[in-house]
Structures are given as structure tokens and as C-alpha cells.
Amino acid sequence: MKYIDEYRDEALTRSLLDEIRVAVTRPWKLMEVCGGQTHSILRSGLDQLLPPEIELVHGPGCPVCVTPLELIDKAIALASRPDVIFVSYGDMLRVPGSERDLFSVKAAGGNVRVVYSPLDSLKIARENPDQTIVFFGIGFETTAPANAMAVVQAKKQGLRNFAMLVSHVTVPPALCVLMESPDVRVNGFLAAGHVCTVMGYWEYEPLAKKYRVPIVVMGFEPVDIARGLLMCVKQLEEGRAEVENAYARSVRREGNVPAQAIINEVFKPCDRPWRGIGVIPQSGYKFREAYAEFDAELRFPGVQAIATRESSLCLSGLVLQGLKKPNQCPAFGKECTPQTPLGATMVSAEGACAAYYRYGRYAASLQPSEVSA
Amino acid sequence: MTAPARVNFSGWTCPLPLKNYPAIVMGHGSGGQMMADLIQHLFAPLFDNDLLAQLGDSTVIGLSRMADGSSPDDTPSALRDTRIAFTTDSFVVSPLVFPGGDIGELAVNGTVNDLAMSGARPLFLSAGFILEEGLPMETLGKIATSVAAACRAAGVQLVAGDTKVVNKGHGDGLYLNTSGLGVIPPGVDIAPNRARPGDAVIVSGTMGDHGMAIMSVREGLEFETVIESDTAPLNGLVQAMLAVTPDIHCLRDATRGGLAAVLNELAAASQAGIDFEERRVPVRAEVHAACEMLGLDPFYVANEGKLVAIAPEAHAEALLAAMRAHPLGREAALIGRVTAEHPGLVAARTLIGSSRVVDLPAGELLPRIC
């Protein structure tokens with residue numbers, strides 16, 4: 001497949017890894033911010049090909065994983081209402097709330113539907129005028145433009161039976177928290193290519209300067225990742241701390257300006273709780289007053305009062321901050337598996353725990369060879 | 001047969017996977033780990049017997065055998081060595097008609113394939129139609145016609161049937177159950193637990209076509225190319241393979257859960273490891289593209305006309321040649337080997353030459369957010 005296969009090329013990946021091996025002289029700890037990158041690293045087994053000096057820690061960039069338990073419980077409460085059709089991206093359905101997940105709500109008769117685009121939920125709203133359609137608007141800056149567009153369209157079309165449960169989060173404030181934390185000792189950051197496609201990377205320049213860490217915008221295929229790691233290692237070895245773009249085929253410094261405009265039209269920054277991490281100031285979006293009528297929490301005031309505490313067994317907070325590897329959690333692979341997840345990091349395809357479970361469980365014992373035939 | 005174990009729901013302490021869900025959810029029917037748990041922890045203990053324990057696509061039964069497992073002396077000698085294959089399958093696909101096929105064709109091919117996977121020659125089918133009130137007669141006519149055509153194409157007869165109607169809102173238009181009987185030729189011994197280290201692992205063609213064909217119409221995705229289901233009866237292909245060598249160890253059609261589920265089931269049943277190379281698995285460009293878009297892995301996506309064969313290395317070349325000469329095996333490929341390393345586990349050599357575990361799918365395939 002064009003524009004994909006080239007970036008999964010074995011020879012190219014290996015030559016970039018060789019360059020890393022030549023460049024590196026001492027141990028470096030690098031964090032890939034985005035869960036999509038974690039997934040790709042483990043799926044391709046790239047981590048096993050890195051020189052021993054490079055340690056990858058997995059960042060908080062999994063939208064499913066950082067959505068607070070409280071929001072899941074709110075979603076479950078809304079989805080259980082007979083007057084609501086609850087519409088979500090697929091991976092949210094299996095995330096455990098404090099008592100059950102959205103799949104179980106569906107099994108109990110709740111009207112829960114999966115869509116690929118939030119705009120599809122407007123069609124559901126038009127077809128079901130007697131029901132309120134609540135879309136679960138989660139994600140980073142990546143999903144925010146499409147979610148905002150759905151709200152703008154709903155307003156334009158006068159769809160009064162459409163609302164959104166919003167739990168949007170943004171990357172730079174979370175990076176600040178990680179950079180300021182005395183426990184997190186990360187030497188360089190690999191920024192999320194898709195988020196930067198929307199937002200650009202100018203926001204990261206003051207961070208690189210203030211905290212004196214290299215930040216490299218990185219893509220998602222093995223070649224993109226190897227290139228991003230190489231650029232980050234070179235900066236560290238040369239004592240530089242800059243923002244560099246290793247994903248130029250998708251990302252520009254200013255980002256996608258019309259997409260930013262539509263986010264800004266509908267949403268404004270607010271404090272947001274991150275699952276397992278806590279409240280990060282100005283790290284999310286909420287509705288502007290002009291669009292408050294679409295806020296599901298205002299439309300259904302009972303939901304706003306729901307408050308939940310996180311499970312103490314699950315270490316996903318530490319995993320999301322890069323303080324623990326998934327397999328260092330005592331519950332990993334025992335009480336906690338993709339079938340019986342204790343935390344969202346074990347549920348989402350982008351969750352670090354699920355990725356470890358799926359691809360890396362027995363990595364040490366595996367050395368599949370080429371088939372000679 | 002021993003008395004079936006009693007299942008006490010009130011004092012359920014183990015297993016966690018069932019305890020976590022007090023009601024059935026969609027994942028229990030997805031062919032992945034959740035369904036495996038349901039079968040292992042609920043059905044298998046209740047229905048426990050040595051035939052069911054074969055866990056093949058169809059069950060192989062010696063004709064002289066009685067229900068208590070004994071072989072009476074008065075069995076006619078002509079029947080003594082005859083083995084039949086028996087299977088059943090239900091079809092609940094939505095939409096009823098999809099690019100490349102419909103539920104009728106799928107139901108016949110599905111059961112024919114389950115029989116063929118034990119090396120049997122499929123002979124007789126039954127069909128149970130569960131119809132929803134309001135189903136247009138024209139639709140039923142089209143699907144019944146398609147059942148008849150698929151039977152002719154596969155060389156089987158539909159010899160028993162049943163029709164029920166349920167109230168509107170209680171069914172998806174039409175559900176179809178098919179059961180099938182076939183006869184296994186002498187000298188053929190195909191079972192999921194027969195994979196041996198060194199055996200070759202072969203697929204009969206491209207992976208993921210059926211699942212993506214269904215998903216592309218069900219989810220309203222508009223791709224520029226239509227992805228067609230690969231639904232097809234595989235008994236002809238299996239006959240062609242057996243003509244080359246009866247010494248095939250395992251056959252499995254890669255339906256729900258796709259290639260990954262089949263390889264995991266065979267590895268677990270045989271207590272052997274399986275290594276395969278990602279780059280050797282054929283995947284259509286449009287299926288690959290659709291999977292990339294949705295964040296799905298084609299190795300986990302369903303097929304309805306593809307099989308996985310495990311056979312001694314010595315027969316691999318001849319088998320491949322015979323498969324490629326058959327219209328349903330033109331893109332057959334050797335993808336890997338059975339190994340004594342990591343028993344029960346499936347590992348892939350990735351495109352960049354590293355390795356990863358290829359696990360059973362957890363539950364339903366869930367498209368990623370971004």
C-alpha cells in the first residue's frame with residue numbers, strides 16, 4: 001500500500017537504527033507521547049531492535065486511557081436512560097466504569113451505537129427526533145476538530161436533540177506536568193504526529209527552551225519512529241534542546257489553521273482530570289457559552305453530580321506518567337488482562353498495558369526466523 | 001460418560017471472565033478470548049464428552065460407536081471403519097445481502113467448509129430458517145434461491161429443514177442455522193491437535209476479505225472500491241489437496257477471529273508453537289487500506305472462503321502447487337512453521353524483522369479512535 005509500505009521497510013528501518021547505534025554514547029530515556037506510537041513500536045517489535053542505551057517510556061497520549069473513570073460512569077448513566085441514544089467511538093465501549101462497561105449497558109437494553117465519525121451521530125439525531133442523541137466527545141486535539149464540527153453542524157441544522165459529553169484533553173499542559181515532576185526523568189520527548197498535524201508544533205518551542213529538553217515531532221510507522229528517535233538522540237548527544245519535525249510529510253509548524261479555528265469556535269480551555277494522574281490546569285476543552293446548549297452535562301443535570309474514585313489496584317496512572325512499565329504492575333497479566341481490565345490502559349488498542357500484553361508478553365523467548373522456501 | 005459438572009451461578013468464584021459479565025455481551029460471540037472462556041467454563045463442563053473434546057470445526061464420529069463409547073459386536077463390518085463428520089453453525093449476519101454474497105450462500109458454505117476441514121466429503125445439510133415478521137417475501141425468495149444454488153455448487157443435498165417466525169423486532173430479518181454430515185475417506189486423519197514441530201503452515205489465499213466486506217457496508221463506510229466477501233465452498237480445494245497427500249495434519253477455515261484465532265487454536269490444541277512471517281501473508285490492497293483506516297489488524301478479520309493447512313514439510317511444495325492450480329487457492333502461500341519453541345503461542349516475524357506475539361482477539365473488533 002502506497003505511503004504505508006515505504007515506511008515499514010526493513011532495510012530503511014535497520015539503517016536508521018544503525019545510525020542511532022553510531023550516534024549514541026550513553027544511556028538516554030525517551031518518551032513517546034502518543035499511544036498510537038506505543039502500539040506501533042510494540043506491534044513492529046522496534047523496541048527489541050534498539051541499542052541497550054535507549055530506553056523508551058510510554059507517555060500519556062492514549063485518549064481512552066486518560067478519560068477519567070467519572071466520565072465513564074457519566075457515560076454509562078446517560079446510555080442507560082431510555083430517552084437517550086448514546087453514540088461513541090468503538091474503543092470506549094469496553095472501558096470499565098466503576099461497576100460495568102458500555103457493552104453491558106447495551107446488553108441490558110441501552111441504545112449504544114458505534115460510529116467512526118461524530119458527523120454520523122447527526123444523521124442518527126435526524127432519524128430519531130424523539131430521542132436525545134449523546135455523543136461521547138473524547139480525545140486529544142486530533143479528534144477535537146471533527147467533534148467541534150459536529151456541534152457547529154448541529155447548531156446550523158437546528159438539531160435540538162443532539163448533545164455531547166465532552167472530555168477533551170490537550171497535550172502541552174500534560175507535558176509540562178511531566179517535565180516538572182521530580183519523579184519523571186525523561187531526557188527527550190517524541191511528540192504525537194497527529195496532534196501536531198492539527199495544532200502545529202510552535203506550542204512546544206517554549207517548553208523545549210524552558211525545560212531544556214529536545215522535543216521531536218514523530219510519526220507512527222517504524223521508519224518514522226526510527227527517524228524520530230535518531231533525531232532526538234543526536235540532539236541529546238550534541239547537547240541541543242530544540243523542537244524538530246521528523247514527520248514533515250504531515251506536520252507544519254503552524255498546523256492546520258482552519259481546524260484550530262473550529263476548535264476555538266466551539267470549545268475553550270479548562271482544567272481537566274486525567275485518569276490516574278489527576279487534575280491538570282488548562283489541559284482540556286469545554287463548551288463555550290454560545291454552544292452550552294449542546295453540553296450533555298448541562299442537559300442532564302443528574303449526570304453532573306456523579307463523582308467516582310479510582311481503583312487502588314491499578315497502576316495505570318504511574319504507567320501513563322512513564323514511571324512504571326506495564327509489566328512492572330503486580331496485577332499485569334494476572335488480575336488485569338484485556339478480558340478483565342482493571343484500567344483503561346489495558347483496554348484501548350493504544351493503551352500501553354494492552355500493547356504489552358498483546359505483543360510483548362513473551363518477547364524474550366521469541367526469535368521467529370525467516371521461512372526459507 | 002460421567003455426570004455433567006453442575007454449574008452454580010450463585011457461588012461463582014471462578015472464572016473471572018464470566019463473572020465480570022452477568023449478562024451476555026456481543027464479545028461473547030466474537031470468536032475471540034471471551035467466547036473461548038464461555039465455551040471452556042460454561043458449555044464444555046456441562047456437555048462434556050470425548051467427541052466434543054475434539055474441538056474441531058466438525059466432529060469426527062466412527063459409525064460403529066455407540067453413545068456410551070462402546071463398539072457393539074454386531075456392527076456390520078462394512079460400517080466398522082466408516083467415519084462421519086458432523087457439524088452445526090448459525091448465521092446472524094447483517095445485512096442479509098452484502099457485496100460478494102448473502103446469508104444463504106454463507107450458511108451453506110460455512111457448514112460445507114466445517115465438514116471439509118476434517119477432510120470429509122460433505123453430503124447432507126439441514127437448514128433452520130428463523131424469520132422475522134415483516135421480512136419481504138422477495139428477500140426470503142432470493143436467499144432460499146441462493147441456498148439452493150450454493151448446495152448445487154458444493155455438491156451437497158439439503159435433506160431436512162425447519163421454519164419458525166418470530167415477532168417483529170425479535171430478529172434481524174432472518175437467521176439461518178445449518179447442520180451438515182459428511183464422510184471421511186480412509187487414511188485421512190486431520191485434527192487440531194496434530195501440528196508437529198517442523199510442519200509447514202499454509203494459507204489458501206488473501207486474509208480479511210469477508211470481514212471488511214461486511215464492515216464496509218454495515219458501518220456505512222464509503223470506499224471507492226467495493227470489497228467483496230470471499231464466501232466459497234472449500235470442499236473441492238480440500239479434495240484437490242488430499243489427492244496430493246492424505247497426510248495433512250490440520251485444516252481450519254479462518255472465519256471469526258481470522259488467521260490469528262485459527263493459529264492460536266491450533267497451537268493450543270497441539271501444544272506447539274507457531275511462527276509466521278507477516279510479509280508472507282497475502283492481504284488484498286483494498287482490505288489492507290480499509291484496515292489501516294479503521295485501525296484493525298487484517299490477521300484478526302474474518303474470512304469465509306479461506307483455509308489454513310498444517311502439513312509435514314516434505315509435502316509443502318506439492319500441496320502449494322495443487323492449491324495454486326485450484327481456483328480457490330490461486331494465492332496460496334507458505335507463511336510459517338510449527339516449532340517446538342514457545343508451545344501454545346503464536347509469534348510473527350514483523351515487517352521490520354523483529355518479533356511479536358499474535359494473541360487471540362479479546363472480544364469484538366473495535367475500531368480505534370484516531
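Sequence positions are assigned chain by chain, starting from 1 and proceeding in written order. Chains carry letters and ligands carry numbers; both start at the beginning, A for chains and 1 for ligands, and go up in the order they are written. Two thresholds apply to this predicted model, a pLDDT of at least 70 for residue-level local features and 80 or more for giving and counting side-chain atom pairs, whereas whole-chain, interface and lining totals are computed over all residues.

## Focus on the overall build of chain B
Piece 1. Going along the chain from the N terminus, every DSSP run of H or I of four or more residues is numbered as a helix, and every run of E of two or more is numbered as a strand. Helices and strands together make up the secondary structure of chain B, namely ten helices and 14 strands.
Piece 2. Buried residues in chain B amount to 48% of all 370 residues. As a rule, residues whose C-beta atom has 12 or fewer other C-beta atoms within 10 Å are exposed, those with 20 or more are buried, and those in between are partly exposed; C-beta atoms are placed from the backbone.

## Structural notes on the sheet that holds strand β9 (residues 243-245) of chain A
Residues and elements named next belong to chain A.
Piece 1. By this definition, two strands are paired if DSSP reports at least two bridges between them. In space, the five strands of this open sheet follow the order β2-β1-β7-β8-β9, with parallel pairing throughout. Each of the sheet's edge strands pairs with one partner strand only, and the pair in question is β2 (54-61) and β9. On average, each strand axis in the sheet is tilted by 25 degrees relative to the strand beside it, whichever way the strands run.
Piece 2. Examined bridge by bridge, strand β8 (residues 215-218) and β9 share three bridges and lie parallel to one another. Within the sheet, the bridge partner assigned to Val217 lies in β9 and is Asn245. Fitted lines through C-alpha atoms serve as axes, helices being fitted only where they are in contact, and the angles separating the N-to-C directions of these axes extend from 0 to 180 degrees.

## As for the sheet that holds strand β6 (residues 162-169) of chain A
Residues and elements named next belong to chain A.
Piece 1. Strands sit in the order β4-β3-β5-β6-β11-β10 across an open sheet of six strands; the sheet is mixed. Only two strands of the sheet have a single neighbouring strand rather than two, namely β4 (111-114) and β10 (267-274). The mean angle between the axes of side-by-side strands here comes to 25 degrees, regardless of whether they run parallel or antiparallel.
Piece 2. Judged from the seven bridges that link them, β10 and strand β11 (residues 278-287) form a sheet pairing that is antiparallel. The residue of β11 that forms the bridge with Lys268 is Lys286.
Piece 3. Across the face of the sheet, helix α4 (residues 69-79) comes into contact with β3 (84-88), β4, β5 (132-139) and β6 while running at roughly 140 degrees to β3.
Piece 4. Whether two residues are in contact depends on their C-beta atoms, placed from the backbone: they are in contact if these lie within 7 Å. The strands touched by helix α7 (residues 144-156) within the sheet are β5, β6, β10 and β11, with β6 carrying the most contacts at an inclination of about 155 degrees.

## Here's the deal with the domain arrangement of chain B
Residue and element names in this part refer to chain B.
Piece 1. As annotated, the domain borders come from an automatic or database domain assignment. Taken domain by domain, chain B comprises domain 1 (83-184) and domain 2 (200-357).
Piece 2. Spacing between the C-alpha centres of domain 1 and domain 2 amounts to 24 Å.
Piece 3. Among the secondary structure elements, those contributing two or more residues to the side of domain 1 that touches domain 2 are α4 (103-116), β5 (121-132) and α5 (137-154).
Piece 4. It is α4 that provides the largest number of residues to the side of domain 1 that touches domain 2, a total of seven residues.

## Side note on the packing of α7(A) against helix α12 (residues 257-266) of chain A
Residue and element names in this part refer to chain A.
Piece 1. In contact at an axis separation of 8 Å, α7 and α12 are set at 55 degrees when each is read in the N-to-C sense. The orientation of α7 with respect to α12, classified from their angle, is oblique. The element α7 and its partner α12 pack so that their crossing is left-handed. When α7 is examined against α12, the residues Ala144, Pro145, Ala148, Met149, Val151 and Val152 are found in contact with a partner set consisting of Ala259, Ile262, Ile263, Glu265 and Val266.
Piece 2. A breakdown of the residues in the contact of α7 with α12 according to their chemical character gives ten nonpolar, no polar and one charged. Angular relationships are summarised with four words: roughly parallel below 35 degrees, roughly antiparallel beyond 145, roughly perpendicular across 65 to 115, and oblique for the angles in between. A clockwise turn of the near helix away from the far one marks a right-handed crossing, whereas an anticlockwise turn of less than a right angle marks a left-handed crossing. Three classes are used, and their members are as follows: Ala, Val, Leu, Ile, Met, Phe, Trp, Tyr, Cys and Pro are nonpolar, Asp, Glu, Lys and Arg are charged, and the others, Gly among them, are polar.

## Some words on the nonpolar core
Piece 1. By convention in this section, buried Ala, Val, Leu, Ile, Met, Phe, Trp, Tyr and Cys residues joined through C-beta atoms within 7 Å make up a nonpolar core. If you look at the biggest cluster of nonpolar residues, it comprises 215 residues, and the most contacted ones within it are Ala75(A), Val134(A), Ala191(A), Ile202(B), Leu263(B) and Ala309(B).
Piece 2. Counting residues per element, this core draws most heavily on helix α11 (residues 222-238) of chain A, at nine residues.
Piece 3. Here Ala75(A) is in contact with Phe86(A), Leu102(A), Phe136(A) and Leu165(A), once residues within four sequence places are set aside.

## Some remarks on the domain arrangement of chain A
All names here are of chain A.
Piece 1. You can read the domains of chain A as domain 1 (5-59 + 179-240), domain 2 (65-170 + 255-304) and domain 3 (316-358).
Piece 2. In this structure, domain 2 and domain 3 have C-alpha centres spaced 25 Å apart.
Piece 3. Between domain 2 and domain 3, the contact holds ten residues from the first and twelve residues from the second.
Piece 4. In terms of residue class, the side of domain 2 that touches domain 3 is built from five nonpolar, two polar and three charged.

## Examining the packing of α4(B) against α5(B)
In a pair of packed helices, the angle between the axes and the distance between the axes together describe the arrangement.
All names here are of chain B.
Piece 1. At a minimum axis distance of 7 Å, the contact between α4 and α5 shows a crossing angle of 30 degrees. Between α4 and α5 lies a crossing whose hand is right-handed. Taking contact as the criterion, the partners of Ile103, Gly104, Glu105, Ala107, Val108, Asn109 and Val112 in α4 are, on α5, Ile143, Ala144, Ser146, Val147, Ala150, Cys151 and Ala154.
Piece 2. In the contact of α4 with α5, the residues fall into ten nonpolar, three polar and one charged.

## With respect to helix α7 (residues 235-244) of chain B
Piece 1. Here α7(B) has its buried residues at Asn235(B), Leu237(B), Val238(B), Met241(B) and Leu242(B). Within α7(B), the buried residues cover an arc of 155 degrees as seen down the axis, which keeps them to one side. Throughout, the arc means that of the directions going from the helix axis to the C-beta atoms.

## Quick notes on unusual backbone geometry
Residue and element names in this part refer to chain B.
Piece 1. Between Ser94 and the following residue, Pro95, the backbone shows a cis peptide bond with an omega angle of 0 degrees.
Piece 2. With respect to the helices and strands, the residue Pro95 is situated in the loop between β2 (83-91) and β3 (97-98).
Piece 3. Phi is positive for Gln271, close to 50 degrees, though the residue is something other than glycine.
Piece 4. Among the structural elements, Gln271 can be located in the loop between α8 (258-270) and β10 (273-277).

## Structural notes on the environment of Pro282(B)
Residues and elements named next belong to chain B.
Piece 1. Among the secondary structure elements, Pro282 is positioned in the loop between β10 and α9 (285-294).
Piece 2. For Pro282, a count of 18 C-beta atoms within 10 Å puts it in the partly exposed group.
Piece 3. When the C-alpha atoms of Pro282 and Gly205 are compared, they prove to be 6.3 Å apart, with 77 residues separating the residues in sequence.
Piece 4. Setting aside anything within four residues of it in sequence, one finds Pro282 in contact with Gly205, Thr206, Met207, Glu331 and Ala333.

## Section: the confidence of the model for chain B
All names here are of chain B.
Piece 1. On a range of 0 to 100, pLDDT expresses the predictor's confidence in each residue. Per-residue confidence for chain B gives a mean pLDDT of 88; residues scoring 70 or more make up 87%.
Piece 2. Between residues 1-18, whose pLDDT stays under 50, and residues either more than four places distant or in other chains, the model counts 23 contacts.
Piece 3. Model confidence for the complex is summarised by a pTM of 0.85, with the ipTM given as 0.81.

## Examining the pairing of strand β7 (residues 174-184) of chain B
Residues and elements named next belong to chain B.
Piece 1. For β7, the tally of buried residues reaches eight of eleven residues, placing the bulk of the element in the interior.
Piece 2. Summarising the sheet, β2 and β7 pair through nine bridges and their orientation is antiparallel. Within β7, the residue paired with Thr87 across the bridge is Gly180.
Piece 3. One ladder, built from ten bridges, connects β5 with β7; its direction is antiparallel. Counterpart to Phe129 in the pairing with β7 is Leu176.

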